Each structure stands twice: as C-alpha cells, then as structure tokens.
Amino acid sequence: MPKIIEGFTHTEYLTVFSAIIFGYVGAEYFQGWGAIIKNRRRVKAYWQHTLWTIFAFTLFIQNWWGIWPRTRLINESIYYFFYSLVPIFLFYIISVILFPDFKTNKDKYDLREYFYENTRYLFGLFSLYFVFTIISSFVYPDIGNVLVQNLIRAFGVLLAAGAAYFHKNKVIHAIFLVIGYIALFMFFMALPS
C-alpha cells in the first residue's frame, strides 16, 4: 500500500472517517438537546436526565481527545481500526437511549419517567464503556498516569454496574451522579496538561 497518495497518508484517510463518525455521534447529542428545547411545551425536564446527558457528552469528548496518541496504530492493522470505532458505537447507542424520539411520538414527555425506564440500559452501556477503556489501555499505549486512570475507570465500572442494578432507586442515582462528576474531574486531573 502506498504511504502517501497526493499528500494524503493512510492514517489521515482513516482518521477522517473516524472524525466523520465522531461528528455524527456528537450531532446526536446536540439534536437531542435541541429537540428537548424545541418541544419544551410538551416536555417535563428532569435535572438528573440533563446532567447525565452532559456527563455522557463530556465522556464522549474526552474519548475523542484521548485517541490522539493511538491514531498512528489504526494504520497498522484493520483490527486496530475496527477496535478504535467501538467506543464511538457505544456512545451512539448511549445517545439513542438518553434522548426520546420526539418525531414518532407526539405525546407529552416526562423525562424523569423516561430516564428511569432506560437507566438499566444506560448504565449497563457506561459500565461496558469503562471496561472497554481499561482493556484499551493495554491494547494501545496511553498517556498520563495510566494506573490512576484505570483505577478511576474500574471505579466507573463498579459505579455504573451498581446504578444499572439499582436502576429504580432515585437517591442512589443522585449520589452516583455526584460521584461520577467527581471521578470525571479526577480523571481529567490524571491526564497530562
């Protein structure tokens, strides 16, 4: 395979595809928030739902930022490339679960009710994502304090699995939300600046 075709490397070619997919998934979050705002007369907002959507989007952006040192590997094997797409797929499914489909259903929405109907799936996917990130730290070279990052990720697995198990307990979800944001902040602090 040629290394460069008219100034465009194979890694750049693959990265552009990933960027398009990342952009599409990011647009799903913005469309979800936009749909809630557009349909505000028939939507009863819920603070936990809103904060979990922001949490998920922040994780998504961190994932995008964190793949930078791994981009050179996606050129080495199609398996690395496929593997790099897994978190993007997980965040797409998370976005589908987080936001109701306002187009097909014209009823009034109570986002509190909607959130608790979907928490088991949402937190199951968060748990799966954190397991995936731990595995990824061994598959790809990682930057920053990887041990601290993996401890926080392992804590995320336990937290998300606990939230999925206690999916109807509103108090636990509020506590886990606070802990989740603290852990996310700590994770950012473990990254190189």
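Just so you know, these numbers come straight off a predicted model, no measurement behind them.

Visitor: What's the story with the overall build of the protein chain in this structure? I'm lost.
Guide: Each helix and strand counted, the protein chain has 6 helices and 4 strands in total. Traced from its N-terminal end to its C-terminal end, the protein chain shows the element sequence β-β-α-β-α-α-β-α-α-α. For 193 residues, the compact-globule formula gives about 16 Å, and the C-alpha radius of gyration of the protein chain, at 18 Å, lands near that figure. Principal-axis analysis of the C-alpha atoms places the extent of the protein chain at approximately 55 × 35 × 25 Å. Classification of the 193 residues of the protein chain by burial places 47% in the buried group.

Visitor: Just to check I follow, could you spell out helix H6 (residues 170-190) for this structure?
Guide: Counting along an α-helix, one turn takes 3.6 residues, and residues three or four places apart therefore face a common direction. A rise of 1.5 Å per residue sets the reference length of H6, with its 21 residues, at 30 Å; its end C-alpha atoms lie 30 Å apart and thus fit the reference within 8%. Three or more residues of H6 are buried, namely Ile172, His173, Phe176, Leu177, Gly180, Ala183, Leu184, Phe187 and Ala190. End-on, the buried residues of H6 take up no more than an arc of 145°, which puts them together on one face. Seen from the open side of H6, the exposed residues pointing more than 90 degrees away from its buried face are Val171, Val178, Phe185 and Met189. The N-capping residue of H6, defined by a side-chain oxygen 3.1 Å from the backbone nitrogen of valine 171, is asparagine 169.

Visitor: Explain the side chain of histidine 173 to me, please; I cannot follow it from the model alone.
Guide: Residue position: histidine 173 is located in helix H6. The class of histidine 173 is buried, set by a relative accessible area of 0%. Those residues in contact with histidine 173 that sit more than four places away from it in its chain are Gln48, Trp52, Tyr116, Thr119, Phe123, Ala163, Phe166, His167 and Lys168.

Visitor: Whenever I open this one, the packing of aromatic side chains confuses me. Can you help?
Guide: Each aromatic ring pair is specified by the distance between its two centres and by the angle formed by the two planes. In this structure the tally under the stated criterion is 32 aromatic pairs. Ring geometry for phenylalanine 60 versus phenylalanine 91: centroids 5.5 Å apart, planes at 65°, classification edge-to-face. Here phenylalanine 91 lies in helix H3 (residues 78-98) and phenylalanine 60 lies in helix H2 (residues 47-66), a separation of 31 residues in the sequence. With relative accessibility at 0%, the residue phenylalanine 91 sits in the buried group.

Visitor: How should I be thinking about the nonpolar core in this particular structure?
Guide: Core analysis: the biggest nonpolar cluster contains 47 residues, and Tyr29, Leu59, Phe91, Ile94, Leu122, Phe123 and Phe126 have the highest contact counts within it. Secondary-structure elements contributing two or more residues to this core are helix H1 (10-38), H2, H3, helix H4 (111-139), helix H5 (146-165) and H6. In contact with tyrosine 29, other than residues within four places in its own chain, are Thr53, Ala56, Phe57, Phe91, Ile94, Ser95, Leu98 and Phe99.

Visitor: Would you explain the packing of H1 against H2 in this entry?
Guide: Pairs of packed helices are described in terms of their axes, by the angle between the two and the distance that separates them. Contact geometry for H1 and H2: axes closest at 11 Å, N-to-C directions at 165°. By the angle between their axes, H1 is roughly antiparallel relative to H2. Here the hand of the crossing between H1 and H2 comes out left-handed. Contacts between H1 and H2 involve Ala19, Phe22, Val25, Gly26, Tyr29, Phe30, Trp33 and Ile36 on the former and, on the latter, His49, Thr53, Ile54, Ala56, Phe57, Phe60, Asn63 and Trp64. Of the residues contributing to the contact of H1 with H2, the split by class is 12 nonpolar, 4 polar and no charged.

Visitor: Just to check I follow, could you spell out the environment of tyrosine 114 for this structure?
Guide: Note on placement: tyrosine 114 falls in helix H4. Assessed through its relative accessible area of 14%, tyrosine 114 is described here as buried. Residues tyrosine 114 and proline 100, spaced 14 residues apart in sequence, show a C-alpha to C-alpha distance of 7.6 Å. Ignoring sequence-local partners within four residues, the contact set of tyrosine 114 consists of Val96, Ile97, Leu98, Phe99 and Pro100.

Visitor: I would appreciate a short explanation of a nonpolar patch on the surface in the present structure.
Guide: On the surface, Val178, Ile182, Phe185, Met186 and Met189 cluster together into a nonpolar patch covering about 530 Å² of accessible area. By secondary structure assignment, the location of phenylalanine 185 is in helix H6.

Reading the values: rules and limits
Residues numbered from 1 in each chain as written. Predicted model: local features only at pLDDT ≥ 70, side-chain atom pairs only at ≥ 80, totals over all residues. Heavy atoms only, no water. Helix = DSSP H or I, 4+ residues; strand = E, 2+ residues; numbered from the N terminus. Rg over C-alpha atoms; globule rule 2.2 N^0.38 Å. Buried < 20%, exposed > 50% of the residue type's maximum accessible area, 1.4 Å probe, protein only. Expected span 1.5 Å × (residues − 1). Arc of directions from axis to C-beta. Polar contact = N/O pair within 3.5 Å; in protein donor to acceptor, adjacent residues only side chain to side chain. Contact = heavy atoms within 4.5 Å. Phe/Tyr/Trp six-rings, centres within 6.5 Å; stacked < 30°, edge-to-face > 60°. Core = buried A, V, L, I, M, F, W, Y, C linked by side-chain atoms within 4.5 Å. Axes fitted to C-alpha atoms, helices over the stretch in contact; angles between N-to-C directions. Parallel < 35°, antiparallel > 145°, perpendicular 65-115°, else oblique. Left-handed = near helix turned anticlockwise from the far one by under 90°. Nonpolar A, V, L, I, M, F, W, Y, C, P; charged D, E, K, R; others polar. Patch = residues over 30% accessible without salt bridge, like charges linked within 9 Å, V, L, I, M, F, W, Y side chains within 5 Å. Areas by Shrake-Rupley, 256 points an atom, 1.4 Å probe, with all protein chains shown as cover. Salt bridge = Lys/Arg side-chain N within 4 Å of Asp/Glu carboxyl O.

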